[in-house]
Every structure is written in C-alpha cells, then in structure tokens.
Amino acid sequence: MNMKKRMLSIVLSGAMAVSTVVSAGSFSAFAVAQCVAYSGSNVNAQDYVQWSDTVKSYLTVCDNGNYMRVQSGAIEGKLLVEYYSSDFEPLSTKLIDNELPIFGAFYDSGNNYYVLSGQENPKQNDSLEVFRITKYDKNWNKIKSCGLYGANTTVPFDAGSARMTHSGDHLLVRTCHEMYKSSDGNNHQSNVTIEVDMPSMTITDSYTGIMNVDYGYVSHSFNQFIKNRRQPYSRPRPW
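Residues numbered from 1 in each chain as written. Predicted model: local features only at pLDDT ≥ 70, side-chain atom pairs only at ≥ 80, totals over all residues. Heavy atoms only, no water.

## Description of the nonpolar core
No. 1: Of all hydrophobic cores here, the largest spans 34 residues; its most connected members are M68, F106, L116, I133, W140 and L171.
No. 2: Those elements giving two or more residues to this core turn out to be β2 (67-72), β3 (78-84), β5 (102-108), β6 (113-118), β7 (129-136), β8 (142-149), β11 (170-179) and β12 (189-197). (Core = buried A, V, L, I, M, F, W, Y, C linked by side-chain atoms within 4.5 Å. Buried < 20%, exposed > 50% of the residue type's maximum accessible area, 1.4 Å probe, protein only. Helix = DSSP H or I, 4+ residues; strand = E, 2+ residues; numbered from the N terminus.)

Here it is as structure tokens:
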C-alpha cells in the first residue's frame, strides 16, 4: 500500500512538473508573440576613440509617469516611439516620419518634443536646407519647423554628435558638420551652434563658419555637449 502511495505521489509530482513546463512554455510563446524585433542596434554606439556619432536612443518620463523611448535607425524613414508603463511593461508604439533624412537629436522640453535632422549638401548649395529643427506636441502632432540653408555645410553631424537643451524660450543646439571646401582643397570639420526661439520657431542665432574661438568655434570637434546650470524643467532628461 505504501508502495502504491509512493508511486501515486511520484506520478502526481511528475504531472505537476509537466503542467508547470507547459504553462511556462505557453507564457514564453505569448511573450515572444508580443515582442516586435527591429533591425537597428545601439550596442556600444556610445563608445568612440577618435570621433563620435549622434545619439540614437532616448528615454524620457511622460506626464502620466510612464516612460517613452525614442529610437532612430530601427525602421527606415521613421522615428520609432515606444511607450512603457512605470514598471517598463510595453504599452504602445508610434512611427513618426523623418523630416530630413539624417537624424541628429531628440529633446523633451517639458511642454513639447523637438527633433533635429539634416541632409547632405555635396554641391555646396546655399539654397538647400541642411539643418532642421521640428517641434511636436506631446501626442507627436507636428507644430512647426525651422532650419538653416547652406550654412557652410556639406555633411551635417559629421564625425560628431548633437545635443540640445533650453533656457527660457530658447532652444540651444550644439552639433557639428563637414564644411565647404576650403582654400587648401579639403572639407574640414568643426562644430555648429544654433539658437531657436521656441514659441515662434525661428532661428535667432547660429554659428556655422570658421570663426574666432571667442564665439565657441572648435576646429575638428568630435563630440558636442550642452547643458544649463539651472533648468526650470526638473523631470529626468532624455538620455
């Protein structure tokens, strides 16, 4: 009798184990079914030796306490926006059309989103828009954009990065570019500074030429940072 009870106990234990495996397998299959794979990768993209690149991934906090992730390069021609709960459970996804073809940077001002983009200008055309700053509301509806044309630029964001911050009503952009061919026959690289009035979305100042260092000009500038000491928007910044 004891032997039969032991055998029954073993059989029941085995049945429970099988049930657990099946349940776990079903959950895994469900989890995999809910995941969406993208071809883009940002692994080690923050590393650089001689020159850097633009930041492609951003994470910021939404007004409701959830998280929003912004990713460039995952889907061709689109900016990928993913929403997560405060526990990092996936909620929803949006795809935003690229403005100009080269992604530069994303910024959350607290009231609006801003995206910096650009395009190459190999013919040194002063009528071609090479930098564009686009303003969106918090639902990713486009409000307005402004840009720089020609701007001594053949390749925006070349061999460097792009970062934005704001002070009062002014959006401050620090990035870089490959410049028009110089007298020595070469296209040199340097930094770029742009200041935008956010309510009107007009560019109030910019430096894109070869200038005195008193203006913040740096020849062969391979990584750009900009930050205010005091920032009225205190929620976590995109990173």
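## Some details on the pairing of strand β1 (residues 57-61)
No. 1: Along β1, five of the five residues are buried, which leaves the element largely enclosed by surrounding structure.
No. 2: Going residue by residue along β1, you find S57, L59 and V61 tucked away on one face and Y58 and T60 tucked away on the opposite face as well.
No. 3: With five bridges joining them, β1 and β2 adopt antiparallel strand pairing. Within β2, the residue paired with V61 across the bridge is Y67.
No. 4: Where β1 folds back onto β2 in an antiparallel hairpin, the turn is made up of five residues, including G65, whose phi is positive at roughly 90°. (Pairing = 2+ DSSP bridges.)

## Focus on the side chain of S117
No. 1: Residue position: S117 is located in strand β6.
No. 2: Side-chain polar atoms of S117 contact the backbone nitrogen of L100, separated by 3.2 Å.
No. 3: Apart from residues no more than four positions distant in its own chain, S117 is found in contact with E99, L100, I102, G104, V130, F131, R132 and F157. (Polar contact = N/O pair within 3.5 Å; in protein donor to acceptor, adjacent residues only side chain to side chain. Contact = heavy atoms within 4.5 Å.)

## Describing the confidence of the model for the protein chain
No. 1: Across the protein chain, the average pLDDT comes to 82, with 74% of residues at 70 or higher.
No. 2: Throughout residues 1-34 the model reports pLDDT below 50, and contacts reaching past four residues in sequence, or to other chains, amount to zero contacts. (pLDDT = per-residue confidence, 0-100.)

## What about the packing of aromatic side chains?
No. 1: Throughout the structure, instances matching the rule amount to eight aromatic pairs.
No. 2: Note on Y136 and W140: the rings are 5.0 Å apart at their centroids and 55° apart in plane angle, and the pair reads as tilted.
No. 3: Following the ring pairs from residue to residue traces out a cluster consisting of Y58, F103, F106, Y113, Y136 and W140. (Phe/Tyr/Trp six-rings, centres within 6.5 Å; stacked < 30°, edge-to-face > 60°.)

## Considering the pairing of β11
No. 1: β11 sits mainly inside the fold: eight of its ten residues count as buried.
No. 2: Summarising the sheet, strand β9 (residues 153-156) and β11 pair through three bridges and their orientation is antiparallel. Within β11, the residue paired with V155 across the bridge is E178.
No. 3: Both strand β10 (residues 163-167) and β11 contribute to a ladder of five bridges, which runs antiparallel. Looking across to β11, one finds that R163 is bridged to R174.
No. 4: The turn linking β10 back onto β11 is made up of two residues, and G168 within it adopts a positive phi angle of 60°.
No. 5: Strand direction decides the pairing type here: β11 and β12, joined by nine bridges, are antiparallel. Bridged to E178 within β12 is Q189.

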